[in-house]
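# Overview (structure and organization)
Each chain, written out:
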Amino acid sequence: MIVQEREAPVLVVELPAGGVEYVDTGGDGPVLVLTHGFPMDHRQWRLVLPHLDGLRCVLPTLPMGAHRRPMRPDADLSQTGQAAILADLLDALDLRDVTLVMNDWGGAQFVVALDRAERVGRMAMVACEAFDNFPPGPARLPAAMCRVPGGTWLVTRLFQTSLVRRGPRAYGAMSHARVPDDVLDAWFTPALRDADVRRDMQKFATGAPDRRTLLALAERLRDFDRPALVVWAEDDAMMPAEHGPRLAELLPQGRLVVVPGSRTLVTEDRPEELARLLRELVAA
């Protein structure tokens, strides 16, 4: 099934958890799977994609609140559940030797802990959640609100306010560049309009394991003895500065690059530089 959008054709793959939308640029080049943050979708990579020509980029919209197709009511949408959905997508599309890239949301790394990284040839962790930073400090209040009756509904209303969209302790802290309103609208509207999408968003927002479990999951990255790139943002208010070097040391083939002039969304602030680094990783 193909749904036409202004930006790109959006396809749907049916998985055990439900239908997941994704964009596929196609081609015979090496495959990059580009994941997104909360609640975002493939548009997070819209500034990077033009600099990745010649590579096949697959961009799923995982069920974190910006998805338009609700998941099955019994779907596991916790951090590890989302990683399992991502692994199911790689299986369903028969993607091999994938370069798995994450920015903001770091749960894609859990495919290693789930012993489902056989299709992943390389990994790039770009200013993302790691260790016990699920969710990051500024996101903990909305996550806590989602735990109380009516809280998720209120969060979707707050997403419409300039305080959340532009505030220095909310989405305004995620990039130096201003994310366009039409992109924010695409991210925040599905959960506003659809109660089942809000249900999914609530399951994800409240689905972080406890600290001990998170640290145990992170330790499994030692098993990923393949090329790994850690890109950390110099001005990040969401992801601790020490997590970048710590990840690079944990990964057997980890390499750290600190990008100046960027906050969490390196995709917004330094898209050309990020694309260059990803090309280097694929070539290696």
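## Thoughts on helix α9 (residues 243–250)
Taken residue by residue, α9 has His243, Gly244, Leu247, Ala248 and Leu250 as its buried positions. Looking straight down α9, one finds its buried side chains confined to an arc of 160°; they lie on one side.

## Notes on unusual backbone geometry
Negative phi is the rule for most residues except glycine; trans is the rule for most peptide bonds. Residue Phe38 is joined to Pro39 through a cis peptide bond whose omega torsion reads -25°. Along the chain, Pro39 falls in the loop between β4 (31–34) and β5 (56–61). Going from Phe134 to Pro135, the amide bond is cis rather than trans, its omega being -10°. With respect to the helices, strands and loops of the structure, Pro135 is situated in the loop between β7 (120–128) and α3 (140–145). The residue Ala127 is not glycine, and still its phi comes out positive at about 40°. One can find Ala127 in strand β7. For Ala127, a relative accessible area of 0% gives the class buried. Phi angles above zero are rare outside glycine, and Phe131 is one such case at about 55°. Its location among the elements puts Phe131 in the loop between β7 and α3.

## Details of the packing of aromatic side chains
Taken as a whole, this structure holds 5 aromatic pairs when the rule is applied. Taking the centre distance of 4.5 Å and the plane angle of 20° together, the rings of Phe159 and Phe188 count as stacked. Here Phe159 is found in the loop between α4 (151–158) and α5 (162–166), whereas its partner Phe188 is found in helix α6 (residues 181–193), with 29 residues between them in sequence. Note on accessibility: Phe159 and Phe188 belong to one class, buried. In textbook terms, an aromatic cluster arises when at least three aromatic residues are bridged by ring pairs, as seen for Phe159, Tyr171 and Phe188. Here the basic side chain of Arg246 rests over the ring of Phe131, its NZ or CZ set 3.7 Å away from the ring centre.

## Description of the state of the cysteines
Scanning all chains against the criterion turns up 0 disulfides. For the unlinked cysteine Cys57, the closest cysteine sulfur is that of Cys128, found at 18 Å.

## Regarding the packing of α6 against helix α7 (residues 195–205)
One can describe the packing of α6 onto α7 by two numbers: an axis separation of 5 Å at closest approach and a directional angle of 110°. When the interaxial angle is binned, α6 and α7 end up roughly perpendicular. Between α6 and α7, the contacting residues are Pro190, Ala191, Leu192 and Arg193 on the first element and Ala195, Val197, Arg198 and Met201 on the second. Of the residues in the contact of α6 with α7, the class split is 6 nonpolar, no polar and 2 charged.

## So, the pairing of strand β8 (residues 228–233)
Extensive coverage of β8 is indicated by the burial of 6 of its 6 residues. On β8, burial covers both faces: Ala228, Val230 and Trp232 on one face and Leu229, Val231 and Ala233 on the other are all buried. One ladder, built from 6 bridges, connects β8 with strand β9 (residues 254–259); its direction is parallel. Each bridged residue has a counterpart across the sheet, and for Ala228 the counterpart in β9 is Gly254. Following the backbone out of β8, through α9 and into the adjacent parallel β9, one traces a crossover that is right-handed.

## Here's the deal with the nonpolar core
Counting 73 residues, the largest nonpolar core has Val33 and Leu100 as the members making the most contacts within it. When residues in this core are grouped by element, the largest group, 6 residues, is from helix α1 (residues 79–92). With residues up to four places along the chain from it excluded, the contact list for Val33 reads Val58, Pro60, Leu86, Leu90, Leu95, Val98, Thr99, Leu100 and Val101.

## So, the environment of Met239
The topology assignment puts Met239 in the loop between β8 and α9. The class for Met239 is buried, based on a relative accessible area of 2%. On a C-alpha basis, the gap between Met239 and Pro135 in space is 9.7 Å, while along the polypeptide they are 104 residues apart. Residues contacting Met239, with those up to four places away along its chain left out, are Asp104, Ala127, Cys128, Glu129, Asn133, Pro136, Trp232 and Thr264.

## As for the side chain of Thr99
Here Thr99 lies in strand β6 (residues 98–104). Every residue in contact with Thr99, bar those within four places of it in the chain, is listed here: Val31, Leu32, Val33, Arg122, Leu281 and Val282.

Basis of the calculations
Residues numbered from 1 in each chain as written. Predicted model: local features only at pLDDT ≥ 70, side-chain atom pairs only at ≥ 80, totals over all residues. Heavy atoms only, no water. Buried < 20%, exposed > 50% of the residue type's maximum accessible area, 1.4 Å probe, protein only. Helix = DSSP H or I, 4+ residues; strand = E, 2+ residues; numbered from the N terminus. Arc of directions from axis to C-beta. Phe/Tyr/Trp six-rings, centres within 6.5 Å; stacked < 30°, edge-to-face > 60°. Lys NZ or Arg CZ within 6 Å of the ring centre and 35° of its normal. Disulfide = S-S within 2.5 Å. Axes fitted to C-alpha atoms, helices over the stretch in contact; angles between N-to-C directions. Parallel < 35°, antiparallel > 145°, perpendicular 65-115°, else oblique. Contact = heavy atoms within 4.5 Å. Nonpolar A, V, L, I, M, F, W, Y, C, P; charged D, E, K, R; others polar. Pairing = 2+ DSSP bridges. Right-handed = clockwise from strand over helix to strand, strands pointing away. Core = buried A, V, L, I, M, F, W, Y, C linked by side-chain atoms within 4.5 Å.

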